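Descriptive structure summary
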Amino acid sequence: MSYADVNGLRLWYEEHGDGPPLVLLHGGYGSTETFAPILPALAERRRVIAVDLQGHGRTADVDRPLRYESMAYDVAALLRHLDLPGAEVLGYSLGGGVALRTAIQHPELVRRLVLISTPCRRRGWYPEVLTMMAGQDERAGEQMRGTPPHQLYQRIAPRPQDWPQLWAKSGALLRHEYDWSPEVAALAVPTLLVFADADSIPVTHMAEFYRLLGGGHRHPGADGTGRPTSRLAVLPGLTHHDILTTPLLPQLVVPFLTHQLR
């Protein structure tokens with residue numbers, strides 16, 4: 001457990017297990033603790049490197065906006081700092097956007113990609129989710145004081161007083177329009193998309209995302225040789241907020257990371 005000085009940021013990361021490197025990127029207002037339910041299973045087969053993104057957890061904020069692109073540069077700099085070319089990267093929600101941008105901006109550093117409950121364009125969220133995101137600001141952060149995410153932030157953040165600032169910057173990020181569809185369509189990194197069947201993202205966007213990665217265009221043949229290198233999983237009985245608690249997740253992720261590509 002340590003800090004890496006990258007891009008003017010003291011980036012917190014912690015390591016668990018042994019094997020090929022797997023980077024974990026948490027969701028908004030979260031930290032490495034987000035992955036506690038699935039980390040032991042992943043660490044049995046992987047050298048897990050869990051990261052606290054800019055302004056989150058144990059990584060103090062710096063004087064720059066929160067952007068998927070800049071946080072992806074931080075992750076790439078950490079991989080170079082650790083001398084880890086060809087790592088696997090798993091991201092959830094906000095961290096999924098950062099993971100996707102890392103693969104787009106630095107494809108030479110990402111061997112395989114797992115994206116959990118994240119869209120490839122801002123309008124991929126349900127309209128009511130976008131409305132909720134638009135209202136995230138300092139006042140919303142004040143209203144969240146005393147909740148479990150705030151209690152954890154108070155306990156581990158280098159500057160607990162930055163809680164309202166994290167909400168203000170996160171709101172600006174979530175209101176910022178983006179559509180990475182053309183870059184996703186050009187992505188060569190094998191990718192596993194994982195969603196809940198009652199996610200904050202409609203099934204139509206899940207299918208759209210998968211088609212951009214080469215899936216769902218034609219019958220794969222009786223022997224499956226025509227299937228794409230990327231995969232899609234929709235887990236039943238779960239939502240965006242509890243998908244990381246299911247033991248089904250590592251049972252999907254580990255085989256995807258280890259299977260031989262055709």
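Residues numbered from 1 in each chain as written. Predicted model: local features only at pLDDT ≥ 70, side-chain atom pairs only at ≥ 80, totals over all residues. Heavy atoms only, no water.

What follows covers the overall build of the chain. Looking only at helices and strands, the chain features 10 helices and 8 strands. Here the chain has a C-alpha radius of gyration of 18 Å; the compact-globule value for 262 residues is 18 Å, and the two agree. Here the C-alpha coordinates of the chain stretch approximately 60 × 40 × 30 Å along the principal axes. Contacts in the chain between residues at least 24 apart in sequence constitute 76% of all its contacts with a sequence separation of at least 6. Within the structure as shown, the chain displays about 11,300 Å² of accessible surface, and the carbon and sulfur contribution to it stands at 54%. Separation of charge centres in the chain, based on 25 positive and 27 negative side chains, amounts to 4 Å. (Helix = DSSP H or I, 4+ residues; strand = E, 2+ residues; numbered from the N terminus. Rg over C-alpha atoms; globule rule 2.2 N^0.38 Å. Contact = heavy atoms within 4.5 Å. Areas by Shrake-Rupley, 256 points an atom, 1.4 Å probe, with all protein chains shown as cover. Lys, Arg positive; Asp, Glu negative; His and termini not counted. Charge placed at Lys NZ, Arg CZ, Asp CG, Glu CD.)

Further remarks concern the nonpolar core. Leu25, Val51, Leu100, Leu113 and Phe209 are the most contacted members of the largest nonpolar core, which totals 59 residues. For this core, the element with the most residues is helix H2 (residues 68-81), which contributes 8 residues. In terms of nonpolar packing, the next biggest core, distinct from the first, is built from 26 residues, Leu24, Ala43, Val254 and Phe256 among them. (Core = buried A, V, L, I, M, F, W, Y, C linked by side-chain atoms within 4.5 Å. Buried < 20%, exposed > 50% of the residue type's maximum accessible area, 1.4 Å probe, protein only.)

Per the counting criterion, the structure on display carries 8 aromatic pairs. Every member of this aromatic cluster is reached through a ring pair, and the members are Tyr29, Tyr153, Trp163 and Trp167. Taking NZ or CZ as reference, Arg10 lies 4.1 Å from the ring centre of Tyr3, over its face. One cation-aromatic arrangement involves Arg112 over Phe256; the distance from NZ or CZ to the ring centre is 5.9 Å. (Phe/Tyr/Trp six-rings, centres within 6.5 Å; stacked < 30°, edge-to-face > 60°. Lys NZ or Arg CZ within 6 Å of the ring centre and 35° of its normal.)

The buried count for strand S3 (residues 21-25) comes to 5 of 5 residues, which makes it a mostly enclosed element. Of the two faces of S3, the one holding Pro21, Val23 and Leu25 and the one holding Leu22 and Leu24 are both buried throughout. As paired strands, S3 and strand S4 (residues 47-52) are joined by 5 bridges and run parallel to one another. Bridge pairing in S4 links Pro21 to Arg47. Direction of pairing for S3 relative to strand S5 (residues 87-92): parallel, over a ladder of 4 bridges. Residue pairing for S5: Leu22 is matched across the bridge by Glu88. (Pairing = 2+ DSSP bridges.)

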